[in-house]
Amino acid sequence: MTTIRKEEEADFDAVVSTLRDERYHDWPNEAGFEGLDEVRGPVELAVKGFIPPWAAGSLFRTGPGQYTIEDTPKGTFKTTHWFDGLGHTHKFKIIPGPLNTSAPVKVEYSSRRQSQALYDSIKETGRRYDISFGQRMDPCIGIFGKIMSVWRGPSAEQGPEHSNIAVVVHSNPPGLPSSVRCTTPGGTSKRPVKHMWLSSDISIMKEFDIDTLEPIGIATQHLLHPLLKGPLSCAHAQRDPRTGDIFNYNLDLGYTPTYRIFRTSAMTGQTRILATISGKDIKPAYIHSFFLTPSYVILCIPSSHLGLMGIKIPWEGNMADAIESFSESKRCKWFIVDRLDDSGIVASFDGPAGFFFHSVNSFEQRDESTGDINVFCDVIQYPTLDVIRQFEMDVILQRDGATENFWSSEARLKNCQARLTRWKFVVPKRRSDNEKGKRKKAQRILELKAPLAGELPTINPAYATKKYRFAYSTASRGFSTLFDSIAKTNLDTRECTYWEGEKGHTPGEAIFIPRPKSYPEEEVAEDDGVLLSVVLDGYGKKSYLVCLDARNMEEAGRAECNFAVAIGFHGVHVPINPPELPQRFR
């Protein structure tokens with residue numbers, strides 16, 4: 001049972017009302033999508049204010065960066081969905097002053113396009129041959145070519161620049177054959193970063209050079225284990241914060257869709273299948289993230305079912321059109337998979353129909369009275385699939401009345417607002433034979449509606465798989481077609497603090513960097529750190545890296561670009577070795 005306070009409902013209604021009043025007309029986002037260039041650099045950025053030296057390291061960001069290709073044989077090629085822009089990876093290198101923790105830091109920026117060969121192919125033919133998220137494939141491409149593009153993907157012979165893989169950044173993923181010299185397939189989460197990879201929602205990953213950002217290799221999950229032969233996977237693989245082991249799933253399509261949950265050991269580089277999920281009521285679905293606790297992997301199959309057991313993806317040429325129409329009857333199915341022993345699926349649950357892109361965090365607690373394990377999963381959830389179409393380019397960039405038309409539906413106005421939702425699952429200490437195979441009812445115990453939470457959620461990484469208080473997200477209060485603020489949400493008190501720039505300043509994902517201890521016994525608060533976010537100044541047509549004090553969400557400093565940086569998806573901060581006694585952030 002969830003309780004929503006009256007003032008929260010009023011805040012939610014205010015977001016809906018602001019969108020209904022079309023206040024987004026005063027918030028330009030075009031500069032984050034049009035006329036974007038590579039900056040191979042590095043170029044030094046102007047730093048204002050204070051960025052703490054213990055934030056030193058490299059912030060890698062990735063996402064789309066090219067949307068329009070002119071002068072093709074078929075005229076101008078236009079990307080129609082945000083998720084389908086051609087990949088562009090960025091690096092903000094934060095450099096501390098020499099031997100002086102109080103000296104100002106320097107910030108250098110560089111970027112590199114990730115799909116130049118795909119761009120050249122479109123330029124030459126006017127057609128895009130790969131399976132995309134929402135871009136409709138040219139009808140002149142035969143069904144055989146469409147099927148091969150999703151089942152096979154780009155080949156190693158083609159090279160990494162033929163693939164459009166640029167959603168999530170991973171450092172040192174174990175088990176993959178790196179193209180960087182003098183590396184090993186294993187390693188631990190503590191070792192220096194030697195290789196970097198990009199992922200999306202397919203079973204192929206792309207490696208890029210840590211210095212030049214040049215794409216240098218691709219690898220499939222089949223190289224990890226021969227049974228991981230399906231074409232789809234999860235962009236957001238989960239990592240054990242203690243061991244560095246990587247967890248993910250592989251989805252094999254066809255008459256009997258099969259999910260294989262697997263773990264790749266950081267110590268050995270070896271991969272083991274933890275569970276196999278299939279059956280007459282198991283549907284293939286578009287799934288962008290899942291959950292990890294110290295004992296379990298939790299997979300939710302949401303209502304985003306793929307038509308014709310997945311065959312509709314090559315038929316339609318994209319993921320969005322292959323998803324079946326929403327229905328309340330397509331309930332979410334949750335599977336709790338043991339990751340410590342060989343117990344496989346230890347519990348399963350049904351929940352209301354819905355959809356999500358991003359998990360936030362998950363943790364577990366033992367019930368001392370029964371010995372049962374209570375598992376809690378936090379997710380940014382939506383009641384329908386409407387939000388997928390919110391990110392079409394015409395809607396974002398307010399073209400040809402598409403934005404007004406999209407937001408003209410009162411139901412859609414409400415359905416597209418984020419809800420930070422906590423689900424509870426009870427894993428019994430002992431299972432009777434009668435309980436095995438039966439799905440119980442998921443319990444929703446918390447729901448925080450927009451603007452108390454938004455998209456692209458992050459937390460203090462030290463609290464991954466642990467009970468925590470604070471989540472950070474890019475929030476929308478209705479002023480922009482994308483995001484207009486960064487929210488800090490206290491899940492215990494339901495309080496929310498915002499950072500907001502000037503009008504027309506669109507923030508990206510906020511990456512949390514915890515302040516290191518000043519002495520071994522010091523206890524550092526969960527929100528004691530900084531947030532780094534790349535912000536677009538839509539009016540000035542340039543961007544800046546903002547540094548926020550995560551305790552009060554006030555700006556501490558920024559590094560300014562004299563050009564616009566693409567509005568991307570996700571990133572990772574790779575620290576350098578911090579000073580032994582870092583100066584406390586003030």
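Everything that follows concerns the structure shown earlier in this document.
By convention here, each chain's residues receive numbers from 1 onward along its written sequence. The predicted origin of the model limits local features to residues at a pLDDT of at least 70 and limits the giving and counting of side-chain atom pairs to 80 or more, whereas totals for whole chains, interfaces and linings rest on all residues. To obtain the side-chain values, all non-hydrogen atoms of the structure were included, while hydrogens and water were left out.

S.K.: Before we move on, could you go through the overall build of the chain and cite the residues and values that matter?
M.R.: On a plain count of helices and strands, the chain comes out with 9 helices and 34 strands. For the chain, the C-alpha radius of gyration of 23 Å lies close to 25 Å, the compact-globule estimate for 586 residues. Dimensions along the principal axes, computed over C-alpha positions, put the chain at roughly 65 × 65 × 60 Å. A simple rule labels every residue: compare its accessible area, found with a 1.4 Å probe on the protein chains alone, to the largest value its type can have, and call it buried under 20%, exposed over 50%, or partly exposed in between. By the burial criterion, 59% of the 586 residues in the chain qualify as buried. Every helix listed is a DSSP run of H or I at least four residues long, and every strand listed is a run of E at least two residues long, numbered separately from the N terminus. Using C-alpha atoms as the atom set, the radius of gyration is obtained and then compared with a globule rule of 2.2 Å times the number of residues to the power 0.38.

S.K.: Now, about the pairing of strand β4 (residues 75-78): what can you tell me, with residues and values included?
M.R.: On any regular strand, side chains alternate: one points to one face of the sheet, the next to the other face. Relative to β4, strand β3 (residues 68-72) runs antiparallel, the two sharing 3 bridges. Bridge pairing links T72 to G75 in β4. One bridge is not enough; two strands pair if DSSP finds at least two bridges between them. Linking β3 back to β4 in an antiparallel pair, the connection comprises 2 residues.

S.K.: How would you explain the sheet that holds strand β19 (residues 345-351) if you had to name every residue and give the values?
M.R.: Strand order across the open sheet formed by 5 strands is β16-β17-β18-β19-β23, with mixed pairing between neighbours. The outermost strands of the open sheet, each flanked by one partner alone, are β16 (291-292) and β23 (439-441). Pairing between β16 and strand β17 (residues 296-301): 2 bridges, direction antiparallel. Its bridge partner lying in β17, F291 is registered against I298.

S.K.: Residues and numbers for the side chain of S233, please.
M.R.: Considering the arrangement of structural elements, one finds S233 in strand β11 (residues 232-233). Under this definition, polar contacts are N or O atom pairs within 3.5 Å; protein pairs additionally need one hydrogen-donor-capable and one acceptor-capable atom, and for neighbouring residues in sequence, both atoms have to be side-chain atoms. Within the structure, the side chain of S233 is placed 2.5 Å from the backbone oxygen of Y249, a separation counted as a polar contact. Apart from the residues within four sequence positions on either side, S233 is in contact with D201, I202, S203, Q221, N248, Y249 and I287. A contact between two residues is defined here by any heavy atoms of the two lying within 4.5 Å.

S.K.: Quick rundown of helix α2 (residues 116-125)? Include the residues and the values.
M.R.: Considered for burial, the residues of α2 that qualify are A117, L118, Y119 and I122. Directly beyond the C-terminal end of α2, a positive phi value near 80° is found at G126.

S.K.: Explain the nonpolar core to me, and be specific about the residues and the numbers.
M.R.: Within the largest apolar cluster, 80 residues are counted, with the highest numbers of intra-cluster contacts made by F33, W82, Y259, L299 and F357. Examining the composition of this core, we find that 4 residues originate from one element, strand β20 (residues 355-366), more than from any other. In this description, a nonpolar core means a group of buried Ala, Val, Leu, Ile, Met, Phe, Trp, Tyr and Cys residues linked to one another through side-chain atoms lying within 4.5 Å. By size, the runner-up hydrophobic cluster in this structure holds 22 residues, among which are F92, V105, I511 and F563.

S.K.: So what about the side chain of H288? Which residues, and what values?
M.R.: Structurally, H288 is set in the loop between β15 (271-277) and β16. We classify H288 as buried; its relative accessible area is 6%. Of the polar contacts made by the side chain of H288, one reaches the side chain of Y286; its length is 3.5 Å. At 3.4 Å, the side chain of H288 forms a polar contact with the side chain of H358. Residues contacting H288, with those up to four places away along its chain left out, are V167, D201, C234, A235, H236, F357, H358 and H570.

S.K.: Which residues make up the sheet that holds strand β21 (residues 373-382), and what values go with them?
M.R.: Whenever strands of a sheet pair, they do so through backbone hydrogen bonds, lying parallel or antiparallel. Spatially, β20-β21-β22-β24 is the arrangement adopted by the 4 strands of the open sheet, whose pairing is antiparallel. For this open sheet the edge positions go to β20 and β24 (443-449), each flanked by a neighbour on one side alone. Along the sheet, successive strands turn relative to each other by an average axial angle of 20°, direction set aside. Pairing of β20 with β21 involves 10 bridges; the strand directions are antiparallel. Looking at the pairing, S362 lines up with C377 of β21. Lines fitted to the C-alpha atoms define the axes, with helices restricted to the stretch that makes contact. Angles between their N-to-C directions range from 0 to 180 degrees.

S.K.: Which residues make up the packing of aromatic side chains, and what values do they have?
M.R.: Two aromatic rings from Phe, Tyr or Trp, using only the six-membered ring of Trp, form a pair when their centres are within 6.5 Å; if the ring planes differ by under 30 degrees the pair is stacked, by over 60 it is edge-to-face, and anything between is tilted. Tallied over the full model, the rule gives 27 aromatic pairs. On the numbers, 4.9 Å between centres and 80° between planes, the contact of F355 with F357 is edge-to-face. Since its relative accessible area comes to 0%, F355 is described here as buried. Within the aromatic cluster, the residues linked to one another by ring pairs are F33, Y67, W82, F83, F133, Y286, F355, F357, F391 and F569. Sitting over the face of the ring of F12, K449 holds its NZ or CZ atom 4.7 Å from the ring centroid. Cation placement over rings: the criterion is NZ of Lys or CZ of Arg within 6 Å of the ring centroid and within 35° of the ring normal.

S.K.: Outline the environment of I459, supporting the account with residue identities and numerical values.
M.R.: Along the polypeptide, I459 turns up in the loop between β25 (455-458) and β26 (470-475). As for I459 and A402, which are separated by 57 residues in sequence, their C-alpha atoms are 34 Å apart. The residues touching I459, leaving out its near neighbours within four places in the chain, are V360, N361, A464, Y468, F470, A471, Y472 and F512.

S.K.: Summarise helix α1 (residues 6-20); cite the residues concerned and give the values.
M.R.: For an α-helix, 3.6 residues make a turn, and residues three or four places apart therefore share a direction. Multiplying one less than the number of residues by 1.5 Å gives the expected span of a helix. Taking 1.5 Å of rise per residue, the 15 residues of α1 would be expected to cover 21 Å, and the 21 Å separating its terminal C-alpha atoms lies within 8% of that figure. If you follow the buried residues of α1, they end up packed against α9 (410-415), β22 (419-427) and β24. Just downstream of α1, E22 is the residue with a positive phi angle, here 60°.

S.K.: Just give me the short version of the environment of P302, but keep the residues and values in it.
M.R.: Relative to the helices and strands, P302 resides in the loop between β17 and α4 (312-316). Along the sequence, P302 and R331 sit 29 residues apart, while their C-alpha atoms lie 7.0 Å from each other.

S.K.: Report on the pairing of strand β5 (residues 86-95), specifying residues and quantitative values.
M.R.: Where burial is concerned, most of β5 is hidden: 8 out of the 10 residues are buried. By the bridge criterion, 9 bridges tie strand β2 (residues 57-66) to β5 in an arrangement that is antiparallel. Bridge assignment links F60 to a residue of β5, and that residue is K91. Pairing of β5 with strand β6 (residues 106-113) involves 8 bridges; the strand directions are antiparallel. Bridging from a neighbouring strand, K91 pairs with S110 of β6.

S.K.: Explain the environment of S409 to me, and be specific about the residues and the numbers.
M.R.: With respect to the helices and strands, S409 occurs in the loop between α8 (402-406) and α9. Judged by its relative accessible area of 24%, S409 falls in the partly exposed class. Along the backbone, S409 and V387 are 22 residues apart, and their C-alpha atoms lie at a distance of 13 Å.

S.K.: Which residues make up the pattern of salt bridges, and what values go with them?
M.R.: Between Lys or Arg on one side and Asp or Glu on the other, a salt bridge is scored when a side-chain nitrogen of the former is within 4 Å of a carboxyl oxygen of the latter. Applying the stated criterion across every chain yields a total of 29 salt bridges. R439 is paired through a salt bridge with D350; the nearest N and O atoms lie 3.1 Å apart. Taken as a pair, R439 in strand β23 and D350 in strand β19 lie far apart in primary sequence, 89 residues in all. The exposure class of R439 is partly exposed, given its relative accessible area of 28%.

Honestly, it's all geometry; don't read function into it.
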